[in-house]
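Given next are the chains, with one letter for each unit.
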Protein chains: 2
Amino acid sequence: MREDTGNLQTARKSVRLLDATMRDGGIVNAFAFSDKFAESLYRTNVAAGVDIMEFGYKASEKMFDAAKFGKWKFCKEDDIRGIVGENKTNMKIAVMADVGRVDLKEAVTDKNNSVIDIYRIAAYLNQIPSALEMAEYCHNKGYMTALNIMAISKNQESDLKRALEEAGKSPVDVIYIVDSFGSLYPEEIRRVGEIYLETGDKYNKQIGMHAHNNQQLAFANTIEACALGVNYLDSTMAGMGRGAGNCHTEAMLGFLKNPKYRIEPALLFLKEFMNPLKETGVTWGYDVPYLLTGLFNAHPSAAIEFIKSNRDDYVGFLNGLLDID
Amino acid sequence: MREDTGNLQTARKSVRLLDATMRDGGIVNAFAFSDKFAESLYRTNVAAGVDIMEFGYKASEKMFDAAKFGKWKFCKEDDIRGIVGENKTNMKIAVMADVGRVDLKEAVTDKNNSVIDIYRIAAYLNQIPSALEMAEYCHNKGYMTALNIMAISKNQESDLKRALEEAGKSPVDVIYIVDSFGSLYPEEIRRVGEIYLETGDKYNKQIGMHAHNNQQLAFANTIEACALGVNYLDSTMAGMGRGAGNCHTEAMLGFLKNPKYRIEPALLFLKEFMNPLKETGVTWGYDVPYLLTGLFNAHPSAAIEFIKSNRDDYVGFLNGLLDID
C-alpha cells in the first residue's frame, strides 16, 4: 500500500485529490453557492483532473432549518443531479455526513439510484462506534465510505490507536487524518501519519489527509502526508474553508506530478468565481488569531468571532484563549 | 554542531532568530519606515527574545539616489545609533550588503566604532569570490559575518557544493540557505539542508535559513530546516517582504520552545504598526501569481507587477511565465 510513495519527480498514481470547496467552504457562506458556481466548479474539477468532488453535507432538515442554509447543506439527490446529470466522468462524487446530524435511513438510497459515490462520515473520537455503524450502513447500500476522525490533536494517541483498530475492522475504505484546529506541525504529521499508515497496512485501508491553514501549514502538512504514503488528499479552491481555511486545490494541482492534473482550469475558476466571492465579503484564510488558536490547539470559533468584529487586540485575544482556569 | 536538533518539546539553545522586517520588508516600501516604527520594532524584538535584528542595507549613495529611499537602505552608523543608542541589550544588530552595491571601504568602520555586530553579504552563486572578499574585509574589521547565497533553486547542486567549499574555507561565520523564489518544498529543504550542514560540520560554520512564502511554505520550510540542525532562522513581522513575503516572526516566536521567546510583544507590534502599515496600501503576502512563480522557480518581479495592476487573468500570467523560447 505504501510502495508508491515516489518523490518530487514521479507521478504517484495512487493519489486521489478531493476538492471539498462546497463542503468545507460551505461552512463559511452557509452553503449559499449559486448553481452557476456549482456547475462551473464541477466542470473545473473534471478538467483539472480532480479525483473526487465533495458537494456538501447530508444533513437532516429536521435538525437544520432549510431556510437558513443553501441546498448543499442537505445535498439532495435531485440537486446533485441538477449539476452533474448522470456524472458521466471519471470524477467521483462525495458527500459528508456528521454523526448525529443526519437520518441516514431517510437520506441514503441504494447506490443504484444515486450519483453519489462516496459517503464521508465525520466524527469525534468518542463517536467512532456511531460513525462506524453509519459507514457500515452506507457500505451495505453500495457506497464507498470514509471515516474522518476530527480534532485528533485533542486526543490521546492511545485512544486514537484503539479507534483506528475499530475502523480497521470495519468496512470503511479510507480513514482520514483531520487536523481540525490546524495545530499540527509537519513533524507531528509524520508521527501521526505513521500511526494511521500502520492501520492502513494491517487492514488494507487507504489513509487520507484533511489539513487546516491556521499556522500556514495546510499545504506543507498535506504534501508531507503525501510523501509518507497518504493517498487521499483534501483541498479547496483558494483554500476556502472554516476560519483559516484549507490546503489550496490550486497548490495541489501545481505540486502533483501526475500529468492528468492541470492547474489552468483552477486558475480560471479562481478568477471567475473565488475572487468575486471574496469581494462580496465572504471571509476566510490565514490571520493572526488563527495562528494563535492553532498554536494553542483550540477551536477556531473564538478567532472567527474576533475577526468578524474587526478587532485586532491580539494580546487580549490570546489571554482569553489561555484563561481556562 | 548538530547535537542540539531537539524536538517539539525541547528548547534548542543554539537557535538564533533574526528579524529582517526592516531589511526584506524595506524592499516593499523603499525602506520608508518612520523612526517610531524602527524604535518600537527594536524594543519589540528585544522584549520578544529575538536574537538579531537586521536594520536594512548598507548601500552606496553613489549608486542609489538617497531621495528615493528611506534611510534604512543605507544604514548609516548615526541612524542606527539614533534608534539603539549603544544597544545595551543582548540582541545583535545586523545589516546586509549586496555584492557590487556598496563601497565597503567607505561604509565599514572598525567594529570598535560601530553598534553593528553582523554583516550579512548577499550574493548570487557567481559572485561568491567577491562576496567572500567582502566578508573577509568585514571580518578583519572585527564583525561577525554571514554569507547569503541567493536564488539557489536556480543553480546546479555541484556548483553549490563548490561554493560551499570556498565559504567553508573563508572566515564567514554563518552560511545561509536562501530560497529567493519560494520554490523549494520541505523535501528539498531537507536535501539542500543536509548539503549545507555537511559544510557546517566540516568547517565549523553555522547554517541559516531564509525562506519566502510564494507557496505558503516559508514557515514550514524554516521549521523543517530548524529540525535538521539549521540554527540561524530569518523571519519578518507579519511576513513583510518582497512579493509573497517571508516566514512570519510571530509564527516563529510561537513555535520556538526556548522560554526566552515571547509572542506577546510581537502581537502588540502587529496591531500597532503592521496592520496600520497594510492599511496605507503597502502590499505583500501570499497570492496566486506568487504560487505560480514559486512553482516554476521564477523571479517574483512579474508577479509583483501583475498584482500592482490589479489583474487576475492568472492563465495569461502563467502562459507569459512559461513562454521563454
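Provided above is the structure to which this section pertains.
These notes cover the structure that comes with them.

Rules of the game
Residues numbered from 1 in each chain as written. Chains lettered and ligands numbered in written order. Predicted model: local features only at pLDDT ≥ 70, side-chain atom pairs only at ≥ 80, totals over all residues. Heavy atoms only, no water. Helix = DSSP H or I, 4+ residues; strand = E, 2+ residues; numbered from the N terminus. Buried < 20%, exposed > 50% of the residue type's maximum accessible area, 1.4 Å probe, protein only. Contact = heavy atoms within 4.5 Å. Axes fitted to C-alpha atoms, helices over the stretch in contact; angles between N-to-C directions. Parallel < 35°, antiparallel > 145°, perpendicular 65-115°, else oblique. Left-handed = near helix turned anticlockwise from the far one by under 90°. Nonpolar A, V, L, I, M, F, W, Y, C, P; charged D, E, K, R; others polar. Buried area = accessible area lost by both parts, 1.4 Å probe. Salt bridge = Lys/Arg side-chain N within 4 Å of Asp/Glu carboxyl O. Polar contact = N/O pair within 3.5 Å; in protein donor to acceptor, adjacent residues only side chain to side chain.

### Points about the side chain of E77 of chain A
Residue and element names in this part refer to chain A. Relative to the elements of secondary structure, E77 occurs in helix α4 (residues 77–84). By relative accessible area, which is 17% here, E77 ends up buried. When near neighbours in sequence (up to four residues on either side) are disregarded, E77 contacts K58, N113, S114, V115 and I116.

### Quick notes on the environment of D98 of chain A
All names here are of chain A. Summarising the element assignment, D98 is placed in strand β3 (residues 92–98). Spatially, the C-alpha atom of D98 lies 24 Å from that of A238, the residues being 140 residues apart in sequence. Look past the residues within four positions of D98 in its chain and what remains in contact with it is Y57, A122 and M134.

### Some thoughts on the packing of helix α7 (residues 186–203) of chain B against helix α8 (residues 218–228) of chain B
Residue and element names in this part refer to chain B. Here α7 crosses α8 at 40°, and the two axes come no closer than 9 Å. With respect to each other, α7 and α8 are oriented oblique. Once α7 is placed against α8, the crossing between them reads as right-handed. Two secondary-structure elements touch here, α7 through P186, I189, R190, G193, E194 and L197 and α8 through N221, E224, A225 and L228. Class assignment of the residues belonging to the contact of α7 with α8 gives a composition of five nonpolar, two polar and three charged.

### Things to note about the interface of chain A and chain B
By a widely used convention, the size of an interface equals the accessible area lost when the partners come together. Taken residue by residue, the interface counts 37 residues in chain A and 37 residues in chain B. Of the roughly 3,300 Å² buried between chain A and chain B on both sides combined, carbon and sulfur atoms contribute 68%. For D312 of chain B, the salt bridge goes to K271 of chain A, with nearest N and O atoms at 3.3 Å. Between the two partners, chain A and chain B, sit twelve residue pairs in polar contact (both at pLDDT 80 or more). Residue assignment for the side of chain A that touches chain B shows that the elements contributing at least two residues are α8 (186–203), α9 (218–228), α10 (249–255), α11 (264–279), α12 (288–295) and α14 (314–322) of chain A. Sort the elements by how many residues they give to the side of chain A that touches chain B and α11 of chain A lands first, with six residues.

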